[in-house]
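As a plain string of letters, each chain reads:
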Amino acid sequence: MLAAGGAGAAGLTLLTDASAFAATKPSVKTDLTILQYALTLEYLGATFYSDALKYAKLSGEAKEVATRFHEHELAHVAFVQKTIRSLGGKPHASEQFSFGAATKSRQAFLETSATIEEMCVETLNGAGPLVSKPVLIGASELVSVEARQASWVRGILGRTPAPFKFNPFLTAAQSQKRLKATGFVK
Amino acid sequence: MTDLTIEELDVDGAIREGAEAVQKDSRAGFMATAAVGAAGLVGGGALLAALPGVASAASANDVAILNFALTLEYLERDFYNEAVRYGGAGKGAQRHFALVARGHENAHVQALKKVLGRKAIKQPKFNFRQNTHNETDFRKTAITLEDTGVKAYKGQAPLIQSTQILAAALAIHSVEADHAAWIRRIDHQDPTYTGAFELPLTRSQVLTAVANTGFIVG
């Protein structure tokens, strides 16, 4: 579980069971739990692109995506923080991240960008059916941007930009496991 | 040329009712869409396909939304299919995009038809004119269709009552976004042209946009 304070980790057990998809009624508590986790992913993305711009010696299209996506993630951070506050919550402060080699070269940067963006899309898609309508509306404004970002980066890498007929989704537990496996969260 | 109006899709007023119901907690309805089972969180398509009885259990509201989506998927699938046949898809990277997108849209059509069963709307007649023959027109049209498709799904998502159907709609929504960015990049356009946020279109706005293409002729 992530160490960030106030993330309501206990509530996440609601989200680990596949059948919870149908059984969970939206609530402010669930909204806040999910939003705090989404905030972690946005902090991750914003810091990743910022670090890549500093260390990866990017140029051309790779530099363009780092610059653009950094702006987008900063806007997403602000948006999620604002949403949390509007629900009466307190956005947790950013985690500390360490990206190691992932932000030191063009290739590693692009591959990691694709991984992070995919993780965000699949997490948001998993969370969508669990949150209240206003939060869903907000999340859906972000998720297609993350998907476009993932597609763009895959294209630069020479991978198929649209690998799935239906994008997979992750439960909160699956997403957290994936995040932990990156080793990026200190 | 026939406009496909909201009235044609909203046979019993369910769409407009559904929109108002959003104000209240319409989620209570999803508990009744039984037969859920642990469908395994693989992908929206599997979710749709693995739910026995979901067609009969889907509310009139959701049926209308699914048929709206199906109409758009028919349109995209046939557009790509014709473009491959008549040469608008071109060669190389552009053709590869058209082939992959066609496969995806066809999968979306099949999944939606399966959920809807007898309630599936029939495929309209299309006329894509030179847009499936000319490579430049193909790219421009594909961009328009994909961008619009993303915003269409985005607009409908909060109106869907069944969480299972919503999960599938979100899975498709992000695939259309993958497509949109892909063809934009092929055309040297900005894949993330909306910036940090992408806004929805209402059903009415989408139907107007589609009517303006003149592609639906019967």
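Remember, predicted model here, so these are calculated numbers, not experimental data.

### Section: the overall build of chain A
Then, number 1: If you tally the helices and strands in chain A, you get six helices and zero strands.
Then, number 2: Overall, chain A shows an N-to-C arrangement of helices and strands of α-α-α-α-α-α.
Then, number 3: Of all 186 residues assigned to chain A, the portion counted as buried reaches 60%.
Then, number 4: When contacts within chain A are restricted to residue pairs at least 6 apart in sequence, those whose partners lie at least 24 apart make up 83%.
Then, number 5: Looking at chain A as shown, the accessible area adds up to about 7300 Å², and 57% of this sits on carbon and sulfur atoms.

### Topic: the packing of helix 5 (residues 133-157) of chain A against helix 7 (residues 135-156) of chain B
Then, number 1: Two elements in contact, helix 5 of chain A and helix 7 of chain B, have axes separated by 10 Å at closest approach and are oriented at 150°. Between helix 5 of chain A and helix 7 of chain B, the angle falls in the class roughly antiparallel. Relative to helix 7 of chain B, the crossing made by helix 5 of chain A is right-handed. Listed contacts from helix 7 of chain B to A:S140, A:E141, A:S144 and A:R148 of helix 5 of chain A are B:D147, B:V150 and B:K154.
Then, number 2: Across the contact of helix 5 of chain A with helix 7 of chain B, the residue classes break down as one nonpolar, two polar and four charged.

### Things to note about the environment of A:S132
Residues and elements named next belong to chain A.
Then, number 1: Tracing the sequence through the fold places S132 in the loop between helix 4 (106-127) and helix 5.
Then, number 2: Here the alpha-carbon distance between S132 and D31, two residues 101 residues apart in the chain, equals 6.8 Å.
Then, number 3: The residues touching S132, leaving out its near neighbours within four places in the chain, are P26 and D31.

### Comments concerning the interface of chain B and chain A
Then, number 1: Counting from both sides, the interface comprises 55 residues of chain B and, opposite them, 47 residues of chain A.
Then, number 2: Together, the buried faces of chain B and chain A total about 4200 Å²; carbon and sulfur atoms form 64% of this surface.
Then, number 3: Across the chain B-chain A interface, the total number found is five salt bridges.
Then, number 4: The shortest N-O distance in the salt bridge between A:R154 and B:D178 comes to 3.8 Å.
Then, number 5: The interface formed by chain B and chain A holds 21 residue pairs in polar contact (both at pLDDT 80 or more) in total.

### A short note on the packing of aromatic side chains
All names here are of chain A.
Then, number 1: Counted under the stated rule, the structure contains 17 aromatic pairs over all chains.
Then, number 2: Aromatic pair Y49 and F109: ring centres 5.9 Å apart, planes at 80°, arrangement edge-to-face. In this pair, Y49 is assigned in helix 2 (residues 28-55) and F109 in helix 4, connecting sequence segments 60 residues apart. F109 carries the same exposure label as Y49, and that label is buried.

### Some remarks on the confidence of the model for chain A
Then, number 1: Residues with a pLDDT of 70 or more make up 88% of chain A, whose mean pLDDT is 89.
Then, number 2: Below a pLDDT of 50 lies the segment residues 1-20 of chain A, which in the model reaches 34 contacts outside its immediate sequence neighbourhood of four places, other chains included.

### Focus on the side chain of B:T192
Then, number 1: Note that B:T192 resides in the loop between helix 8 (163-186) and helix 9 (203-213).
Then, number 2: When sequence neighbours within four positions are dropped, the list of residues in contact with B:T192 reads A:R68, A:F69, A:H72, A:V145, A:R148, A:Q149 and A:W152.

Calculation rules
- Residues numbered from 1 in each chain as written.
- Chains lettered and ligands numbered in written order.
- Predicted model: local features only at pLDDT ≥ 70, side-chain atom pairs only at ≥ 80, totals over all residues.
- Heavy atoms only, no water.
- Helix = DSSP H or I, 4+ residues; strand = E, 2+ residues; numbered from the N terminus.
- Buried < 20%, exposed > 50% of the residue type's maximum accessible area, 1.4 Å probe, protein only.
- Contact = heavy atoms within 4.5 Å.
- Areas by Shrake-Rupley, 256 points an atom, 1.4 Å probe, with all protein chains shown as cover.
- Axes fitted to C-alpha atoms, helices over the stretch in contact; angles between N-to-C directions.
- Parallel < 35°, antiparallel > 145°, perpendicular 65-115°, else oblique.
- Left-handed = near helix turned anticlockwise from the far one by under 90°.
- Nonpolar A, V, L, I, M, F, W, Y, C, P; charged D, E, K, R; others polar.
- Buried area = accessible area lost by both parts, 1.4 Å probe.
- Salt bridge = Lys/Arg side-chain N within 4 Å of Asp/Glu carboxyl O.
- Polar contact = N/O pair within 3.5 Å; in protein donor to acceptor, adjacent residues only side chain to side chain.
- Phe/Tyr/Trp six-rings, centres within 6.5 Å; stacked < 30°, edge-to-face > 60°.
- pLDDT = per-residue confidence, 0-100.

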